[in-house]
Amino acid sequence: MLMLFGLGINLGIQSIPWCQAACRHEIVGMVQEAGPNVSRFKPGDRVGVGTYVNSCKECEYCNDREEVHCEKGSVFTFNAIDLDGTITKGGYSSYIVVHERYCFMIPDDYPLALAAPLLCAGITVYNPMMRHGMNQPGKSLGVIGLGGLGHMAVKFGKAFGLKVTVFSTSISKKEEALGVLGADNFVVSSDQEQMKALSKSLDFIVDTASGDHPFDPYMSLLKTAGVLVLVGFPSEVKFSPASLILGMRTVSGSITGGTKVTQEMLDFCAAKKIYPEIELIPIDYANEALERVVKRDVKYRFVIDIENSLK
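Fair warning: this is a prediction, and the values are worked out from it, not measured in the lab.

A. Highlighting unusual backbone geometry. Following Lys299, the chain continues to Tyr300 via a peptide bond in cis, the omega torsion being -10°. Backbone geometry at Arg296 places phi at a positive 60°, although glycine is not the residue there. With respect to the helices and strands, Arg296 occurs in the loop between helix 10 (286-294) and strand 18 (301-305).

This is the structure:
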């Protein structure tokens, strides 16, 4: 995935120099202007914009700062119809105008380019991990898939003091998982003996895989009352009711997060020095980068340097 950084952000419903991802959200940069009613930010502040830029601001979810679940639908950062009827354009531009509610302060000591992936991949795994109590040191976590989402789940798991096992279809990712990301164990998911050895051993599983895959083998790895959270998008989810009922297990889904938990995650990453693995590229490399994404040739996020690309 590609992100942007170094953009100009006008706040108040007024702009930032920045960096972004290919999906045109996950934008970070500096505030250039702030409208008269803006109270949280000023020109020069380091800020980020995530996957949505508006919501109704009135429903129970907005009031709980879970705006991503707005009853009327949150407004995506690009290619969506905003409340005023305009089409959101996202990050492929020299600046973006955003309501201050949907902007996040990037801690001063956190590199801007590294902050961009946190606003989608990072929050997508952090939010359900916190919601389901996966921040308990000594517990065991399984991470299915080692891509943009999976590598952040591993990093958060280790920061929470968990014993982390990575599941992948490819043995080629073993060295990266153990040596670079610090996972405690690596399992090739097609190896039935390796899978059987972990039966009923995991407290939690974060499933980041979007390719179709069986669920029963992973459900069997959960302890009684274990939790599997799905954040990937396979075409279907199938498992035996017995996998759920007999072990009192829970299957849950999640997508990004509200403004409160997103800022909490950014502050946590700065405090714990948790950084995504990225490749910083100029905008004229974007097409080649997208081809590499299709080939799964990225570790683990492309970030587009907009500021220097537009000079």
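We are not done yet, so read on.
B. Structural context of the pattern of salt bridges. One pass over the full model with this rule turns up nine salt bridges. A salt bridge links Lys223 to Asp203; the nearest nitrogen and oxygen atoms lie 3.5 Å apart. With Lys223 in strand 15 (residues 222-230) and Asp203 in strand 14 (residues 202-207), this residue pair connects regions lying 20 residues apart in the sequence. Its relative accessible area of 33% is what places Lys223 among the partly exposed residues. Here Arg292 makes a salt bridge to Asp297, at a shortest N to O gap of 3.0 Å.

C. Geometry of the nonpolar core. Of all hydrophobic cores here, the largest spans 46 residues; its most connected members are Val125, Leu141 and Phe156. Of all the elements, helix 9 (residues 259-272) adds the most residues to this core, at six residues. For Phe156, the residues in contact, after removing those within four places along its chain, are Gly122, Val125, Tyr126, Met129, Met265, Phe268, Cys269 and Ile274. In terms of nonpolar packing, the next biggest core, distinct from the first, is built from 15 residues, Phe41, Val47, Val53 and Ile96 among them.

D. Broad picture of helix 4 (residues 148-159). With twelve residues, helix 4 should reach 16 Å at 1.5 Å per residue; the first-to-last C-alpha distance of 17 Å fits that figure. Turning to helix 4, its buried residues number three or more, namely Gly148, Leu149, Gly150, His151, Met152, Ala153, Val154, Lys155, Phe156 and Gly157. Structurally, helix 4 contributes buried residues whose contacts are with helix 3 (121-131), strand 11 (140-144), strand 12 (163-168), strand 14, helix 9 and strand 18. Once helix 4 finishes, Gly161 follows within two positions and takes phi at roughly 85°, a positive value.

E. Representation of the packing of helix 3 against helix 9. Running from N to C, helix 3 and helix 9 cross one another at 100°; their axes reach a closest spacing of 10 Å. By the angle between their directions, the pair helix 3 and helix 9 is classed as roughly perpendicular. Counted together, Gly122, Ile123, Tyr126, Asn127 and Met130 of helix 3 and Val261, Thr262, Glu264, Met265 and Phe268 of helix 9 form the full contact between these two elements. Class assignment of the residues belonging to the contact of helix 3 with helix 9 gives a composition of six nonpolar, three polar and one charged.

F. Summary view of the sheet that holds strand 15. Strand order in the open sheet formed by six strands is 13-12-11-14-15-16, and the pairing between neighbours is parallel. Each edge of the sheet is formed by a strand with only one pairing partner; in this case those strands are strand 13 (185-188) and strand 16 (250-253). With strand direction ignored, the average angle separating the axes of adjacent strands in the sheet is 20°. In this sheet, strand 16 lies alongside strand 15 in parallel orientation, the contact comprising four bridges. Among the inter-strand pairings, Val227 is bridged to a residue of strand 16, identified as Thr250. Contacts from helix 4 reach strand 11, strand 12 and strand 14 within the one sheet, and its direction differs from that of strand 11 by about 170°.

G. View of the packing of aromatic side chains. Under the counting rule described, the total for this entry stands at ten aromatic pairs. A centroid spacing of 6.2 Å and a plane angle of 45° characterise the contact between Tyr126 and Phe160, whose relative ring orientation is tilted. Note that Tyr126 is positioned in helix 3 and Phe160 in the loop between helix 4 and strand 12, a separation of 34 residues in sequence. Comparing Tyr126 with Phe160, the two get one shared label, buried.

What counts, and at which threshold
Residues numbered from 1 in each chain as written. Predicted model: local features only at pLDDT ≥ 70, side-chain atom pairs only at ≥ 80, totals over all residues. Heavy atoms only, no water. Helix = DSSP H or I, 4+ residues; strand = E, 2+ residues; numbered from the N terminus. Salt bridge = Lys/Arg side-chain N within 4 Å of Asp/Glu carboxyl O. Buried < 20%, exposed > 50% of the residue type's maximum accessible area, 1.4 Å probe, protein only. Core = buried A, V, L, I, M, F, W, Y, C linked by side-chain atoms within 4.5 Å. Contact = heavy atoms within 4.5 Å. Expected span 1.5 Å × (residues − 1). Axes fitted to C-alpha atoms, helices over the stretch in contact; angles between N-to-C directions. Parallel < 35°, antiparallel > 145°, perpendicular 65-115°, else oblique. Nonpolar A, V, L, I, M, F, W, Y, C, P; charged D, E, K, R; others polar. Pairing = 2+ DSSP bridges. Phe/Tyr/Trp six-rings, centres within 6.5 Å; stacked < 30°, edge-to-face > 60°.

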